[in-house]
Amino acid sequence: KTSKVQYFNNPMWPGEAHSLKVEKILYQGKSPYQEILVFESSTYGNVLVLDGIVQLTEKDECAYQEMVTHLPLCSIPSPKSVLVVGGGDGGVLREIARHSSVETIDICEIDQLVIDVCKDFFPQLSIGFKDPRVRLHVGDAVDFLRNAPEGKYDAIIVDSSDPIGPAQELVEKPFFQTIARALKPGGVLCNQAESMWLHTHLIQDMLSICRETFKGAVHYAWTSVPTYPSGVIGFLLCAKEGPVVDFLSPVNPIEKLEGAMEAGREIRFYNSQIHRAAFVLPTFVRRELGSH
Ligand SMILES: NCCCN[C@H]1CC[C@H](N)CC1
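Residues numbered from 1 in each chain as written. Predicted model: local features only at pLDDT ≥ 70, side-chain atom pairs only at ≥ 80, totals over all residues. Heavy atoms only, no water.

**Some points on helix H7 (residues 200-213)**
What counts, and what does not: Think of it this way: any DSSP run of H or I at least four residues long counts as a helix, any run of E at least two long counts as a strand, and we number them from the N terminus. Each helix should span, by expectation, one fewer than its residue count multiplied by 1.5 Å. Working definition: with a 1.4 Å probe on protein chains only, accessible area under 20% of the residue-type maximum means buried, over 50% means exposed, and in between means partly exposed. The criterion used for residue contact is that any of the two residues' heavy atoms lie within 4.5 Å.
Taking 1.5 Å as the rise per residue, H7 with 14 residues should run 20 Å; its terminal C-alpha atoms sit 19 Å apart, in good agreement. Restricting attention to buried positions, one finds in H7 the residues Thr200, Ile203, Met206, Leu207, Ile209, Cys210 and Thr213. Contacts made by the buried residues of H7 are with helix H6 (173-182), strand S10 (183-192), strand S11 (218-224), strand S12 (232-239) and helix H9 (283-289).

**Quick notes on the pattern of salt bridges**
Under the convention used in this document: Basic side-chain nitrogens of Lys or Arg form a salt bridge, by our definition, when they fall within 4 Å of a carboxyl oxygen of Asp or Glu.
Using the criterion set out here, one finds 9 salt bridges in the structure. Two residues, Arg133 and Asp131, come together in a salt bridge whose shortest N-O distance is 2.8 Å. Each member of the pair Arg133 and Asp131 is classed as buried. For Arg146, the salt bridge goes to Asp143, with nearest N and O atoms at 3.2 Å. Taken together, the positions of Arg146 and Asp143, both in helix H5 (residues 141-146) and 3 residues apart, correspond to about one turn of that helix. Overall, the relative accessible area of 35% leaves Asp143 in the partly exposed class. A single network of salt bridges, built from pairs that share partners, joins Glu61, Arg94, Glu95, Arg98 and Arg268.

**What to know about the packing of H6 against H7**
Let me state the cut-off plainly: Under this scheme, a helix contributes an axis fitted over its contacting stretch, all axes are lines through C-alpha atoms, and angles between N-to-C directions fall in the 0 to 180 degree range. For any helix crossing, the convention is left-handed if the near helix is rotated counterclockwise from the far helix by under a right angle, and right-handed if that rotation is clockwise. Any residue outside Ala, Val, Leu, Ile, Met, Phe, Trp, Tyr, Cys, Pro, Asp, Glu, Lys and Arg is labelled polar, Gly included; the first ten of those are nonpolar and the last four are charged.
The N-to-C vectors of H6 and H7 enclose an angle of 40°; their axes lie 10 Å apart at closest approach. Taken as a pair, H6 and H7 cross one another with a handedness that is right-handed. Across the interface between the two elements, Lys173, Phe176, Gln177 and Ala180 from H6 touch Met206, Ile209, Cys210, Glu212 and Thr213 from H7. Here the residues of the contact of H6 with H7 sort into 5 nonpolar, 2 polar and 2 charged.

**What to know about the site of the ligand**
Threshold: Near is defined per residue: the residue qualifies when any heavy atom it owns lies within 4 Å of the molecule or strand. Residues adjacent in sequence count toward polar contacts only when both atoms are side-chain atoms; beyond that, a polar contact is any pair of N or O atoms within 3.5 Å, and within protein one must be able to donate a hydrogen and the other to accept it. All accessible-area figures derive from a Shrake-Rupley calculation using a 1.4 Å probe, and residue coverage is judged against the displayed protein chains alone.
Close to the ligand lie 13 residues, the nearest being Asp89, Asp159, Ser160, Asp162 and Tyr228. A distance of 3.4 Å separates a nitrogen atom of the ligand from a polar atom in the side chain of Tyr64. Between the ligand and Ser160, the relevant distance is 3.2 Å, taken from a nitrogen atom to a main-chain nitrogen or oxygen of the residue. For the ligand, whose accessible area on its own is 350 Å², the fraction buried by protein is 98%.

**Re the packing of aromatic side chains**
Applicable threshold: Between the rings of Phe, Tyr and Trp (Trp by its six-membered ring), a pair exists once the centres lie within 6.5 Å; its type follows the angle of the planes, with under 30 degrees stacked, over 60 edge-to-face, and the other angles tilted. Lysine NZ or arginine CZ positioned within 6 Å of the ring centre and within 35 degrees of the ring normal marks a charge as sitting over the ring.
In the structure shown here, the tally under the stated rule is 6 aromatic pairs. Summarising the aromatic geometry, the rings of Tyr64 and Tyr228 are spaced 5.8 Å apart at their centres and angled 75° between planes, so their arrangement reads as edge-to-face. Here Tyr228 lies in the loop between S11 and S12 and Tyr64 lies in helix H1 (residues 61-73), a separation of 164 residues in the sequence. Judged by its relative accessible area of 4%, Tyr64 is buried. Residue Tyr228 is classed as buried on the basis of its relative accessible area of 11%. Ring centres 4.9 Å apart and planes at 35° place the aromatic pair Trp197 and Phe284 in the tilted group. Of this pair, Trp197 sits in the loop between S10 and H7 while Phe284 is found in helix H9, placing the two residues 87 residues apart along the sequence. Connected via pairs of aromatic rings, a cluster forms that spans Tyr64, Tyr228 and Phe235. Geometry around Tyr44 places Lys59 over its ring, the cationic atom sitting 5.8 Å from the centre. Lying over the aromatic face of Phe129, Lys119 brings its terminal NZ or CZ to 4.9 Å of the ring centre.

If you want it as structure tokens, here you go:
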């Protein structure tokens, strides 16, 4: 009756696969950048797949979108201008909207079709585009950041897919240098940074690039996302030199946020304790990443 969809038999995670039971295929298409699939799963709600890689499911997207957003934004006193790279599903925008100190939210997403498809099939995420502070730029973030004014943003969130498709350039040093230039002194970057079980070499490379590029704190953090390969995903938190940022003690705790309900849904995953816990690393990771 219903087929199983195998994912992750992909060069990013050789030798492993993860299946989700498919109730119904809702959309299949191809943009100039990637293949796009949306299906209704039997236990995780609707699922978004790009080039055969699960990007999000309705059931567990809260873990990723809330952590990738609140780890940086709760680490600085009063974020005003924020940039999202990628994030075309709108979930990160929904989370940023909870921060009433934020005045402008720029988003640079390369694929208009992802935005359109998510508006049709993921209303709980695309609600993020409704916030009046959001300014959408459809195009390549490498160009966008190269042309961005110096010192414009308090926070930049790179909500990218994996570096084997359109997101390949987003893990290279020149890109991080344009991010550092676009941040205010003491500004912060949060970058999607793959799994500690699968990609410590890639994480090491990104960490050394970030330690050279950002003179403030640089930390790896992680969280649980059951439908991502190995069930966990990481984040790189980087601070530009300037007012000191201590990622491990949130100065702007989420509990204070009055905007919680404005985003059309209360917080489901993030809290101040899980913020601190995210930076606690297993021994093999500290050894392999040269724990700082
Ligand atoms: N905004 C949806 C999350 C996009 N982030 C990536 C999805 C694919 C994963 N392998 C890595 C994170």
